[in-house]
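Spelled out, the chains give:
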Amino acid sequence: TRLEEAIEAFEKQSARERVPRKAIVCIGSSSMRSWHDDLYDDLAPLTVIPRGFSGSNMNDVLFYADRMILPYRPRAVVLYEGDNDIAQGIAPEKILETFSALLEKVHAELPKTRFYVLSIKPSPSRWHMWPRMQRANELLAQACAQDGRLTYVDVASGMLGEDGEPRGDIFKEDKLHMNRKGYEIWRDALRSVIIKAEWPHE
């Protein structure tokens, strides 16, 4: 319940404003939350519902799926989690297990809903965690490859410089969260797959 306040704020917003059905829910941790203002333009002409909540991990998305995903009856979900999980000491295998439980929960009610899973990003402040993040990315990519409803989106590769380390110019001062340059990398990686796949469903 540590993130209950953020969830309640979204629910109040949904009560005030008409939220489109069969749109694309964009959910995840602070990296998704900080993308909210630009998501509409970056994924235009697709209809998106921004639902990032800072500090969250994969288990939080599972816990709140009944309130943050299922009520919107989305045709697709863009998911960014795993970053905080690794920082909290959660094993890559556990992240995959929780992700699988999330899929089971959503697909039990919405069997056709597609998922676009963004890879965990490399960042200077968490660079020492990168090997475990890479392992989690590998597991998520393997899971996506086994189900036609799932698409793994590699946003990480474009964030690395020629030296193989995170580019310093795409992060804010905290060396964890991205500036606009970072989100342009995410935008281009995601648009390369989601526009073609989702435009016919608009």
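Each remark here, short or long, concerns the structure printed above.
What you see is a predicted model, and the numbers here were worked out from it, not measured in a lab.

### Regarding the pairing of strand β1 (residues 24–28)
1) Next: For β1, the buried fraction is high: five of the five residues fall into the buried class.
2) Next: Taken together, the five bridges between β1 and strand β2 (residues 48–52) define a ladder with parallel strand orientation. Of the residues in β2, the one forming a bridge with Cys-26 is Pro-50.
3) Next: For β1 and strand β3 (residues 76–80), the ladder comprises five bridges, and the chain directions are parallel. Paired with Val-25 across the bridge in β3 is Val-77.

### Describing the pattern of salt bridges
1) Next: Counting across every chain of the model gives 20 salt bridges.
2) Next: A salt bridge links Asp-83 to Lys-121; the shortest N-O distance between them is 2.6 Å. On the criterion of sequence distance, the pair formed by Asp-83 in helix α5 (residues 83–87) and Lys-121 in the loop between β4 (114–118) and α7 (130–145) is long-range, its members being 38 residues apart. Here Asp-83 and Lys-121 have matching classes, each one buried.
3) Next: Asp-169 is the partner of Lys-181 in a salt bridge, and the nearest nitrogen-oxygen pair spans 3.9 Å. Placement of Lys-181 in helix α8 (residues 180–198) and of Asp-169 in the loop between β5 (150–153) and α8 is noted, with a sequence separation of 12 residues between them.
4) Next: Where salt bridges share partners, they join Asp-38, Asp-42, Arg-180 and Glu-184 into one cluster.

What counts and what doesn't
Residues numbered from 1 in each chain as written. Predicted model: local features only at pLDDT ≥ 70, side-chain atom pairs only at ≥ 80, totals over all residues. Heavy atoms only, no water. Buried < 20%, exposed > 50% of the residue type's maximum accessible area, 1.4 Å probe, protein only. Helix = DSSP H or I, 4+ residues; strand = E, 2+ residues; numbered from the N terminus. Pairing = 2+ DSSP bridges. Salt bridge = Lys/Arg side-chain N within 4 Å of Asp/Glu carboxyl O.

Scope: geometric values only; no functional claims are made or implied.
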